[in-house]
Amino acid sequence: MPKYGNPEFMLVNIWDKYILSIRQNPALDEKILADALVEYEDSKEKNSAASSAYAWKRLRLLPLLKWAAIPIIAAALILLLNPFEGSSVAWGKVAERVDQSPTTIVRGESFQRGENPELKLFVIGTLAYFSKEFGGYFEMTVFGRTVRGFVSPDRKLVSVIDPRTGELKQQSTDMPGPGLFYDPKLLIHDFLSHPYVKIGRKAINGIKAEGIEIPIEPAEKDSKKYPGGKEYKRLWVDIKTGLPIREEIKKNTALGELVNNLDFEWNKPLPQSLFRIPELRKAPEEN
């Protein structure tokens, strides 16, 4: 049979076209096409057995049936290759997915850098765990010293252990604006509340992600004194899960470029013991 009259050739041709024109799910790749061809071969054998007594009808109808099946198989391939809204992030549902997540892990790094992009100055490292049920726990390392703190389950109180004295200091979280140490979900909600532009895709820690960008506050009048890269806030979301995996912030200052990166993990099991405040002497309240 000539290749242009062969349904198998047509399926391969359809695959080649759509693999270039749509954003496929890497987890499926060529397995979908192979499964479709197996199903086709099985149906061909069944049709052959059922119509052996009507060979003349089979010769006339089988080619037509083969060609009629191609659009159906092609449509199935398109749907299977695009299980997450066309292999693209449903941005209107990101906040909802974040709110449904019982736990969050955040790993952050903030630093200043000048003309040499490889040299990081004033590095601050952050590791934080949050649970809907148990509250939050965070560690912040600055100049080799680590500050540990706990957030109450109702998100209204922060307890910080003074790294110098070992005393426990407590304060209210009633502060303006979203705060990482109170609830990282507020950061995501705040980001998505602003008009944004899509900036394409990239792999982050081996995860295929799609990003959006919003501007930093309007530049100051003398900002041109410090030429540098564009200032921005960016949010990257896992295409497969629809959950954020990184927030990037870049801002230009008199000392150079200020960079803040936060990496997120969601729905990881966290033990209650992680959020238990140790028995420490409470520091006297300041007037």
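Since the model is a prediction, treat every value here as computed from it, not as a measurement. (Residues numbered from 1 in each chain as written. Predicted model: local features only at pLDDT ≥ 70, side-chain atom pairs only at ≥ 80, totals over all residues. Heavy atoms only, no water.)

A. Seen up close, unusual backbone geometry. At Phe143, a residue that is not glycine, the phi angle is positive and equals roughly 50°. Secondary-structure assignment places Phe143 in the loop between strand 3 (135-142) and strand 4 (145-151). (Helix = DSSP H or I, 4+ residues; strand = E, 2+ residues; numbered from the N terminus.)

B. Quick look at the pairing of strand 2 (residues 121-131). Across 9 bridges, strand 1 (residues 103-113) lies against strand 2 in antiparallel orientation. Following the sheet pairing, Glu109 is matched in strand 2 by Gly125. Bridge count for strand 2 against strand 3 is 8 bridges, and the pairing is antiparallel. Residue Ser131 lies in a different strand from strand 3, and its bridge partner there is Gly135. Hairpin connection between strand 2 and strand 3: a loop of 3 residues separates the two successive antiparallel strands. (Pairing = 2+ DSSP bridges.)

C. A look at empty space enclosed by the protein. Taken as a whole and judged by the stated rule, the model has 2 cavities of 30 Å³ or more. Around the second largest cavity, the lining residues are Pro102, Thr103, Thr104, Phe130, Ser131, Lys132, Arg155, Asp183 and Lys185. Among the elements of the structure, strand 1 and strand 2 are those that each provide at least two residues to the lining of the second largest cavity. In terms of residue class, the lining of the second largest cavity is built from 2 nonpolar, 3 polar and 4 charged. (1 Å grid on protein atoms, 1.4 Å probe; cavity = no way out; pocket = protein on both sides within 12 Å on 5 of 7 lines; lining within 4 Å. Points joined across faces, edges and corners; volume = space filled by probe spheres on them. Nonpolar A, V, L, I, M, F, W, Y, C, P; charged D, E, K, R; others polar.)

D. The sheet that holds strand 1, seen in detail. Within the open sheet, the 11 strands sit side by side as 6-5-4-3-2-1-11-10-9-8-7. Their pairing is antiparallel. The open sheet has two edge strands with one neighbour each: strand 6 (168-172) and strand 7 (197-204). Averaged over all pairs of adjacent strands, the angle between their axes in this sheet comes to 20°, without regard to strand direction. Where strand 4 and strand 5 (residues 157-161) come together, 4 bridges link them in antiparallel fashion. (Axes fitted to C-alpha atoms, helices over the stretch in contact; angles between N-to-C directions.)

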